[in-house]
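Chain by chain, the residues run as shown.
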Amino acid sequence: MNEKLNPAEIAFLKSLSTSDLSAVLESMPRDVQEQSIRDLMNQESSSTQSVVSDRESVAISREQRNQVAKQRIRQTLQDVSPLPPKLTGKSAELRASCDESLHTHLVTCYGNAFSLSFSDDHLRLIDQLEETIRNGGLKAIGMPRGSGKTTIIVRASMWGILTGLRKFCVLVAATDSFATNLLAGIKTEILTNEILGNLYGREIHSLRSLEGEARKASGQRFEGERTCVRWGTGTIGFGFIPGVTTNGATMTAVGLTGNIRGQQITAPDGTVHRPDIV
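Procedures and definitions
Along each chain, the written sequence defines residue order, and numbers are assigned to residues from 1. Confidence filtering applies because this is a predicted model: local features only for residues at pLDDT of at least 70, side-chain atom pairs given and counted only at 80 or more, and all residues used for totals across whole chains, interfaces and linings. Only heavy atoms go into the side-chain values, all of them from the structure, while hydrogens and water stay out. The way it works is that DSSP assigns letters per residue, a run of H or I at least four long becomes a helix, a run of E at least two long becomes a strand, and they are numbered from the N terminus. The buried label goes to any residue with under 20% of its type's maximum accessible area, the exposed label to any with over 50%, and the partly exposed label to all in between, with areas taken from a 1.4 Å probe on protein chains only. For two strands to pair, DSSP has to find at least two bridges joining them. Contact criterion: two residues are considered in contact whenever any of their non-hydrogen atoms come within 4.5 Å of each other. Working convention: axes come from line fits to C-alpha atoms, limited for helices to the stretch in contact. Angles between N-to-C directions cover 0 to 180 degrees. Any pair of N or O atoms that falls within 3.5 Å is considered a polar contact. Within protein, one atom must be able to donate a hydrogen and the other to accept it, and sequence-neighbouring residues count only if both atoms are side-chain atoms. By the definition adopted for this analysis, an angle is roughly parallel if under 35 degrees, roughly antiparallel if over 145, roughly perpendicular if from 65 to 115, and oblique otherwise. Each crossing is labelled by how the near helix is turned from the far one, with a counterclockwise turn of less than a right angle marking it left-handed and a clockwise turn marking it right-handed. Each residue is assigned to one of three groups, with Ala, Val, Leu, Ile, Met, Phe, Trp, Tyr, Cys and Pro labelled nonpolar, Asp, Glu, Lys and Arg labelled charged, and all others, Gly among them, labelled polar.

Draft legend 1. Main features of unusual backbone geometry. Across the junction of Ser 81 and Pro 82, the peptide omega takes the value 0 degrees, indicating a cis bond. Position of Pro 82 relative to the elements: it lies in the loop between helix H5 (62–78) and helix H6 (89–100). Residues other than glycine seldom take positive phi values, yet Cys 228 does so here, at roughly 60 degrees. Take Cys 228: it is sitting in the loop between strand E3 (225–226) and strand E4 (230–231). We classify Cys 228 as partly exposed; its relative accessible area is 41%.

Draft legend 2. Examining the sheet that holds strand E1 (residues 168–173) more closely. Taken in spatial order, the 4 strands of this open sheet run E1-E6-E5-E4, and their pairing is mixed. Edge positions in the sheet fall to E1 and E4, since each has one partner strand and no second. Here E1 pairs with strand E6 (residues 250–255) via 6 bridges, running parallel. Within E6, the position partnered with Ala 173 by the bridge is Gly 255. In the packing of helix H9 (residues 149–162) onto the sheet, contacts are made with E1 and E6, and the angle to E1 comes to roughly 170 degrees.

Draft legend 3. Structural view of the environment of Ser 81. By the secondary structure assignment, Ser 81 is in the loop between H5 and H6. As for Ser 81 and Phe 222, which are separated by 141 residues in sequence, their C-alpha atoms are 5.1 Å apart. One polar contact links Ser 81 to Asp 79, side chain to side chain, over a distance of 2.4 Å. Side-chain polar atoms of Ser 81 contact the backbone nitrogen of Glu 223, separated by 3.5 Å.

Draft legend 4. Summary view of the side chain of Gln 220. Following the sequence through the fold, Gln 220 ends up in the loop between helix H12 (205–208) and strand E2 (221–222). For Gln 220, a relative accessible area of 2% translates into the label buried. Among the polar contacts listed, one links the side chain of Gln 220 to the backbone oxygen of Ser 206, at a separation of 2.9 Å. Those residues in contact with Gln 220 that lie beyond four places of it in its chain are Gln 78, Val 80, Ser 206, Ser 209, Leu 210, Glu 225, Arg 226, Thr 227 and Val 229.

Draft legend 5. Spatial organisation of the packing of H9 against helix H10 (residues 176–192). The contact between H9 and H10 brings their axes to 11 Å, and the two run at 60 degrees. Classed by the angle they form, the pair H9 and H10 counts as oblique. By crossing handedness, the relation of H9 to H10 is classed as right-handed. In contact with Thr 150, Val 154, Arg 155 and Met 158 of H9, H10 contributes Leu 182, Ile 186, Glu 189 and Ile 190. Residues that form the contact of H9 with H10 fall into these classes: 5 nonpolar, 1 polar and 2 charged.

In C-alpha cells, the structure reads:
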C-alpha cells in the first residue's frame, strides 16, 4: 500500500477502543495493516512531541518517540478484551447442568475421552471426587491400571477450577515427565475442545488467546491491564480478569520427587494463593 492514511482515517482509528482497533487491524490485508500501523505510529510520535515542553523535546529523540508509539500499538494488539458473551438459552442450561454435576460435565465436555459407559466403580469414583472437590477432605482410591482413573481425576480437577470451586490445583504424578504429559493433555483440551470452549469460553478466554504460544503470555492484557496469564511446561495460570470464575486460578504438575511443598502464586493485589486441591 503506497498511499498513507488521510487525517480522517487516522482520527477514526484513534477513536476506536482497544479491542475494536485490534479487530480492524487484524481484518486488513497485510500491506494495508503495516501501512496503517506506520501511520498510527507517526501520529503517536507527533502527538508525543506536541505535548512536551521545548526542553523535553530536545531530550526525547525521534527514536525514543517511535519506541513509545510502537509500545502503545503493541499493547493494543496484545489486549484480549472483550470476553465472549455470556451464555443464554439452552447453552446456559447445559452449562448449569455441567456445573452442578461432575458426571454430567465429564460426559458432556469430554465425550471422546470417555467413549464407553462408566461402570459402577467409575461412578463411585466420580461421586467421591465431586464430594472432595466441593467440601474438601482426604481420599485414597485404588483401581486397576488402565481403568481410566487418571483421565477422570485430571478432568475432575479441571471441573473444580472451571466452576470456581477450587483456585489452585496441583497434579502429582510418579515422575516429572509424566506430570508434564498430564498438563499437556489439559492444554490440548483447552485449545481444541470446542464443547469446552463453547460452555466455558469466558473462563479459558485468556488461555485460548495465547494460541499455544507461551511467548505471548508476558505481554497479554485485558482492558489495558496485564493478565499475568501463564502457559509453561509445568504451569497453567488462567490470569487475573475480574468477573471471571477462573480469575487467578492455577494448575501445576510435579513428580513425586518434585517441589510439591511451598507452591504459591501472588495476585496483582498482593494476595498469595496456595494449593487447595492436590
